[in-house]
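Close look at the chain arrangement
The lines below spell out each chain.
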Amino acid sequence: MSISFHQEERAFRLDTPGSTYLIALADQPGFLGHMYYGRRIPDTAMRHLLRLDPAGPPFQDNGDQLNFLGDLPTEYPGCGLGDYRESCLRVETEEGFRACNLTYRSHAIHAGKPALPGLPATRGGQEDCSTLELICADEALELEVHLYYTAYEELDAICRSARIVNRGSRPVKLTAALSACLDMDNRDFDLITLHGSWAYERMIQRRRLGWGTQGVCSQRGISSHSGQPFLALAEHDANQEHGQVYAMNLVYSGNFLAQAEMTQQEYLRAVIGIHPEGFGWKLDPGGSFQTPEAVLVYSGHGLEGMTHTFHDLYRNHLIREPWRNRPRPSLVNNWEATYFDFDTEKLLDIARTAAGRGIEMLVLDDGWFGCRDTDDNSLGDWFVNEKKLPGGLKYLADQINALGMKFGLWVEPEMVSPNSDLYRAHPDYALQIPGRKPMEARHQLVLDISRPEVRDCVYAQLKAALSSANIEYVKWDMNRSLTDVASFCLEADRQGELFHRYVLGVYELQERLLADFPGLLLENCCSGGGRFDPGMLYYSPQIWTSDNTDAVDRLRIQEGTALIYPLSSMGAHVAACPSHTNGRVTPFATRGLVSLPGCFGYELDLTKLTEEELDMIPGQLENYRKYGPVFHGGDYYRLASYGENGEYDALMSVSKDKRTAVLDYVHVMSRQRRRSVLLPLRGLDEETLYRSSETGEVRSGAGWMYGGMVMPCMTGDSTGKLIVLEAV
Ligand code: GLA
């Protein structure tokens, strides 16, 4: 068991293979102080880190409660009582009072990890992890808070969440309930976040941590294109391989706040959780609220140590069966091939070309239902458009199956078009504020998915459509942010619950879908990568990374995504050229190379490709079949970043047994170079001999890593190579 209580030190310790986390019970009056988190240490007596000394004698002696609470490193800070940093828990009583502060009551240590009701979370059996449950309370409010900390046996990850229970006899409103807080001294940290916009998701931003608050958030009702529910604090000189990194990632798909704050005393507080803006949750007597889970990762081995932990945790403990470690089928999606302009014959043309080259699945995107030939109608009417698809989905799927391919389908269940039968019948199903015309985006409104009858209505239609044919994959899209966030079914003092209730509704729907169609491969999508987060990964093992399918832009988007998420989660397709996103021209082979590490597919009209391009497809698929498992299941190393050097990009993956390594190299900007690029490889076994598929050279892992690999000189923009190293 990696969790223990030390009576003498009045401390809890959590150990993972490379990290230690220490929580102190302050003797009086029972505050939960955060003592230490970082590289694994044998010591538990580390009370000096509570830093009570500079402000004078402890709390009970000098009467200066303010200085004490203002600086105390704390596990789950309350509000209104002297801790002026960001709170995790904020409350408002019926009288309008806003103060709370937690003290320790009791604890329990459990083998394994309890599930979070209604919420996605990492999983772990008794052999994988153990969980500390700290029960604390605000005695005045009779509010009980259960803090959960799960430490994994083989991963440097600690997963935290909180459950807040009203044990009093009167309602209390939570106005903030974050998932985790991490207080520590600033050690010359950089803050790393992922920001972006539509078609440019997850751009890496690294900045020096300064005074005040800085971070990233979403208030759009989705985790969003503009920010990831993630932050990392990296020592200023930390790089891919070296240095200490602390990271937080929220297993959630809605509004979030991920924030670091440097205080007047140069302490640091990092918090992550549901964004308090617009949030208010009324807890009736006996009621409880469960926060989403925050994953904390510590790495003493630079960014790649952090990345490896996230990848392993998500691949093994978040992504569910049966797709957990199963190869994902190659596919062709018709969106950029046809947009709304297709019929059965056109789709079968594409399918025949695909089948002839070995592509495993055809995905029918938007436009198959209602009378949807443009994007201004029919969302909510999930019955097939027989004009385009005579014989329905069944006829099409059967024809595709007869070609030896699987069939997949796009849906957007959370939305409604004002021009739809559903909206005409149930206008109140859309989120809207009475007296205000709801804002349309892409001509659509958002359904009030918090309401069970709305979910039932949409789900019944979906289930009928998906049961009508052999549909083995679903792309679940969501194409706008939330506005007019009001529900006809919530009382005035519960409207602040709606953002979160919406997310819970989405989770409930996806859970239902997977229960009814257990083998289904689900891919989430949100105008590209607007909801690429661990919450969605719990339901769908892969997520559409971005609507930007240009190979060069994708390098940066995929680099940012892979900082946290496994390559096996990234939908990546070879798209048409010139790119529909930005008009850029890139060679077909390079587009293949950029897509290869992810969930590989095509998103173009195969019938319009040249013979030469078509002939490349079987080779690309063969690479995906052979090396996809190394990219998806191995350890990922970022060797060079086009985003940083503006010239070339290189990533490699090494199989867990270190017998095979694959290097994906793209030379984006041609430049007259007197010397070729030298890339020191990483992750190989020093003593094993490896042969390069490029040159046939055999060298030790040490030789490849410390001597480096000379990349072949290439001319022309956007060229690239896949180089395989096999142990001999
Ligand atoms: C979103 C998705 C695209 C495509 C379109 C269809 O933008 O990200 O991949 O499915 O919707 O309308």
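Preceding this paragraph is the structure being described.
Residues numbered from 1 in each chain as written. Predicted model: local features only at pLDDT ≥ 70, side-chain atom pairs only at ≥ 80, totals over all residues. Heavy atoms only, no water.

Close to the ligand lie 13 residues, the nearest being Asp365, Asp366, Lys475, Gly528 and Asp547. Note that an oxygen atom of the ligand is positioned 2.8 Å from one of the side-chain N or O atoms of arginine 442. Measuring from an oxygen atom of the ligand, one finds a side-chain N or O atom of asparagine 479 at 3.2 Å. Protein coverage of the free-state accessible area of the ligand, which is 310 Å², stands at 96%. (Near = heavy atom within 4 Å. Polar contact = N/O pair within 3.5 Å; in protein donor to acceptor, adjacent residues only side chain to side chain. Areas by Shrake-Rupley, 256 points an atom, 1.4 Å probe, with all protein chains shown as cover.)

Right, let's get into the side chain of threonine 688. Tracing the chain through its elements places threonine 688 in the loop between strand 34 (678-679) and strand 35 (689-692). Engagement of the side chain of threonine 688 in a polar contact is seen with the side chain of aspartate 685, the distance being 2.5 Å. When residues no more than four places from it in sequence are discounted, the contact partners of threonine 688 are Arg659, Arg699, Ser700, Gly701 and Ala727. (Helix = DSSP H or I, 4+ residues; strand = E, 2+ residues; numbered from the N terminus. Contact = heavy atoms within 4.5 Å.)

This paragraph deals with the sheet that holds strand 33 (residues 660-667). Here we have six strands laid out as an open sheet, ordered 31-32-33-38-35-36, and antiparallel in their pairing. Both edges of this open sheet fall to strand 31 (635-640) and strand 36 (698-700), since each of them pairs with a single strand only. Recorded for the sheet is a direction-independent mean angle of 25° between the axes of neighbouring strands. Pairing between strand 31 and strand 32 (residues 648-654): five bridges, direction antiparallel. Bridge pairing in strand 32 places tyrosine 636 opposite serine 653. Lying over the sheet, helix 11 (residues 551-562) contacts strand 31, strand 32 and strand 33, oriented at roughly 135° with respect to strand 31. (Pairing = 2+ DSSP bridges. Axes fitted to C-alpha atoms, helices over the stretch in contact; angles between N-to-C directions.)

Contact geometry of helix 12 (residues 588-595) with helix 13 (residues 611-633) gives a least axis separation of 10 Å together with a crossing angle of 25°. On the basis of the axis angle, helix 12 is roughly parallel to helix 13. Read as a crossing pair, helix 12 and helix 13 show a hand that is right-handed. Residues Phe588, Ala589, Arg591 and Gly592 of helix 12 pack against Glu613, Met616, Ile617 and Gln620 of helix 13. Of the residues contributing to the contact of helix 12 with helix 13, the split by class is four nonpolar, two polar and two charged. (Parallel < 35°, antiparallel > 145°, perpendicular 65-115°, else oblique. Left-handed = near helix turned anticlockwise from the far one by under 90°. Nonpolar A, V, L, I, M, F, W, Y, C, P; charged D, E, K, R; others polar.)

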